[in-house]
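# Structure assessment
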Amino acid sequence: MKLLHTADWHIGRTLNGYSLLDEQKAAFQQILNIALEEHVDGIVIAGDIYDRAIPNVDAVTTLNEMFKEINIEHHLPIYAISGNHDGAKRLNYGRDWMEYNNFHLNTLVSEAFKPIETTEVQIFMLPFFDPMDVRAYYHQQGVSEEDTQKIHSIVDAMNLVLTDMQKNFDPNKKHLLITHFAVTPNKEDKIELTSETTSTVGGLATLTADQFQMFDYVMMGHIHTRFASPSETIRYSGSPVKFNVKEARIKNKGKGVDIVEINNDKITHTFKEIKPQTDLIVLEEDWDTLTDPTFYKQQPIDNAWFAITVKNFDRSKHINVRAQLQEIYGTVVELDYENIYQDKQDQTVQNISELSPDETVDQFFHSITGNDLSKTQKQIVDKIFVDLRKEK
Ligand SMILES: [Mn+2]
């Protein structure tokens, strides 16, 4: 059996207000092409399919088209679960109908215990959950409230769920798990998590690789880089698209999907790259360099988004900085300055809560330009604050 493993599509996501939908569509076409070239038996989407619980109309329409292409046009099975960004109940709509076409979608803990069976494998699909969801599930199963109260952390909850899954293991088959959590290599090692949502996992304890050892292979979502995979058999595919500037800073770490091949003797994974349609480039240079044609002509200015930090910048000497940079680079999704007065600023800025509003403006102006407000400028600031107080 051969599966394509992807996760964290976050359809509908924006980057500082810029829609990523076209980028996500381009990535999707590549994912589909890889699936067809590799003749996979299905596509695994390990959670965070949408970016939010109530996605906008464009996002819903786009995802619907994607699923249609995979499942109806190309007859490829889909194995999908919800992540912490998805609205579990909403995404669950239509589940029973889709099942008829090999579109498997689990969004509730209660759906995780019955695997999808082929002649060689059992695929368990465990959506993202909160310890509270697991308490509710076991309470429904007739476990006393006293006992469900003992499920404190995500680790407690996961151990219970995995143990009950294991009861349904067929010893003659390989056991695969699709899930959506932050899992670390072992209790001692802490890896840097790049998902901004890890704090919502709940509980103080962290899930560790050893908890999942009963599975032959685990396909995960939640952390957006495959380099966070805790072991050879517990893998993150990473997101197919770069979602933020922090990710763009990490050079030579392309996005992609995994092709997972399940054979009798072993399970292997092969990374397949997805090329960005519009790349996100981080530049940190002096103003003179940024506006020097010999520099910017080497940049993919027709075909990329830029996050720019202007170094050693004297803002008093320039106006319309963003406009000038956009003239050269096109879309500038993020603009920062490293001020030449930075040191001075550190000395002069006092505890901001001790300053009056006009003093705050005064200090800000000084830290940016190195000058004090003129008499006229002070009058303008005063007038604005007086007007604001009136509005209150
Ligand atoms: Mn995610």
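Calculation rules
Residues numbered from 1 in each chain as written. Predicted model: local features only at pLDDT ≥ 70, side-chain atom pairs only at ≥ 80, totals over all residues. Heavy atoms only, no water. Helix = DSSP H or I, 4+ residues; strand = E, 2+ residues; numbered from the N terminus. Buried < 20%, exposed > 50% of the residue type's maximum accessible area, 1.4 Å probe, protein only. Contact = heavy atoms within 4.5 Å. Core = buried A, V, L, I, M, F, W, Y, C linked by side-chain atoms within 4.5 Å. Domains from an automatic or database assignment. Pairing = 2+ DSSP bridges. Axes fitted to C-alpha atoms, helices over the stretch in contact; angles between N-to-C directions. Donors = N, O, S within 2.8 Å, 3.2 Å for Na, K, Ca; no water. Salt bridge = Lys/Arg side-chain N within 4 Å of Asp/Glu carboxyl O. Phe/Tyr/Trp six-rings, centres within 6.5 Å; stacked < 30°, edge-to-face > 60°. Lys NZ or Arg CZ within 6 Å of the ring centre and 35° of its normal.

### What to know about the side chain of Gln211
Note that Gln211 resides in the loop between strand 11 (207–208) and strand 12 (217–221). On the basis of relative accessible area, Gln211 is assigned to the buried category, the value being 11%. Residues contacting Gln211, with those up to four places away along its chain left out, are Val155, Met158, Asn159, Leu162 and Thr206.

### Comments concerning the nonpolar core
In this structure, Leu4, Trp9, Ile11, Ile45, Ile49, Leu63 and Ile70 are the most contacted members of the largest nonpolar core, which totals 40 residues. Here the element with the most residues in this core is helix 1 (residues 21–37); it accounts for seven residues. When residues are assigned to domains, this core turns out to be shared by domain 1 (2–274) and domain 2 (279–391), each giving three or more. In contact with Ile49, not counting residues within four places along its chain, are Trp9, His10, Ile11, Leu63, Phe67, Ala80, Ile81, Asp86, Leu91 and Leu105. The next biggest cluster of nonpolar side chains, apart from the first, holds 33 residues, and it includes Leu126, Leu177, Val218 and Met220.

### Points about the sheet that holds strand 16 (residues 279–286)
The three strands lie next to each other as 16-17-18, forming an open sheet whose pairing is parallel. The sheet is open, and its two borders are formed by strand 16 and strand 18 (332–339), each paired with just one other strand. Pairwise comparison of adjacent strand axes, ignoring direction, gives a mean angle of 10° for this sheet. Relative to strand 18, strand 17 (residues 304–313) runs parallel, the two being bridged by six bridges. Among the inter-strand pairings, Phe313 is bridged to a residue of strand 18, identified as Asn339. The strands touched by helix 11 (residues 321–329) within the sheet are strand 16, strand 17 and strand 18, with strand 18 carrying the most contacts at an inclination of about 125°.

### A look at the coordination of the manganese ion
For the manganese ion, the full set of protein donor atoms is Asp8 (OD), His10 (NE2), Asp48 (OD) and His224 (NE2), at a range of 2.0 to 2.4 Å. All donor residues of the manganese ion come from one chain, and their arrangement in sequence is D-x1-H-x37-D-x175-H. In this structure, Asp8 and His10 share a single accessibility class: buried.

### Some remarks on the pairing of strand 14 (residues 255–262)
Of all eight residues in strand 14, seven are buried; the element is thus mostly enclosed. Bridge analysis of strand 1 (residues 2–6) against strand 14 gives four bridges, and the strand direction is antiparallel. Looking at strand 14, one finds that Leu4 is bridged to Ile259. As paired elements, strand 14 and strand 15 (residues 267–274) share eight bridges and run antiparallel to each other. The partner of Asp258 across the bridge, within strand 15, is Phe271. Taking the residues that link successive antiparallel strands as the turn, the strand 14-strand 15 hairpin has four residues.

### Regarding the pattern of salt bridges
Inspection of every chain in the model, using the stated rule, returns 15 salt bridges. Residue Asp51 is joined to Arg13 by a salt bridge in which the shortest nitrogen-to-oxygen separation is 3.2 Å. A residue pair is termed long-range when its members are at least 10 positions apart, and Asp51 in the loop between strand 4 (43–46) and helix 2 (57–73) and Arg13 in the loop between strand 1 and strand 2 (14–15) qualify at 38 residues. Overall, Asp51 belongs to the buried group, its relative accessible area being 10%. What makes Arg13 buried here is its relative accessible area of 10%. Among the ionic pairs, Arg235 bridges to Glu232, the shortest N-O distance being 3.6 Å. Look at the salt bridges and you will find they share partners, linking Lys2, Glu38 and Lys272 into a network.

### Some thoughts on the packing of aromatic side chains
The tally for this structure, following the rule as stated, stands at 15 aromatic pairs. The interplanar angle of 45° and the centroid separation of 5.6 Å between the aromatic rings of Trp287 and Phe313 together place this pair among those described as tilted. Placement of Trp287 in helix 9 (residues 287–290) and of Phe313 in strand 17 is noted, with a sequence separation of 26 residues between them. Judged on exposure class, the residue Trp287 and its partner Phe313 are both buried. Three or more aromatic residues link up through ring pairs in this structure, and these residues are Phe113, Tyr137 and Tyr138. A cation over an aromatic ring shows up here: Arg13 above the ring of Phe243, its NZ or CZ 4.8 Å from the ring centre. The ring of Phe271 has Arg226 lying over it, and the distance from NZ or CZ to the ring centre is 3.4 Å.

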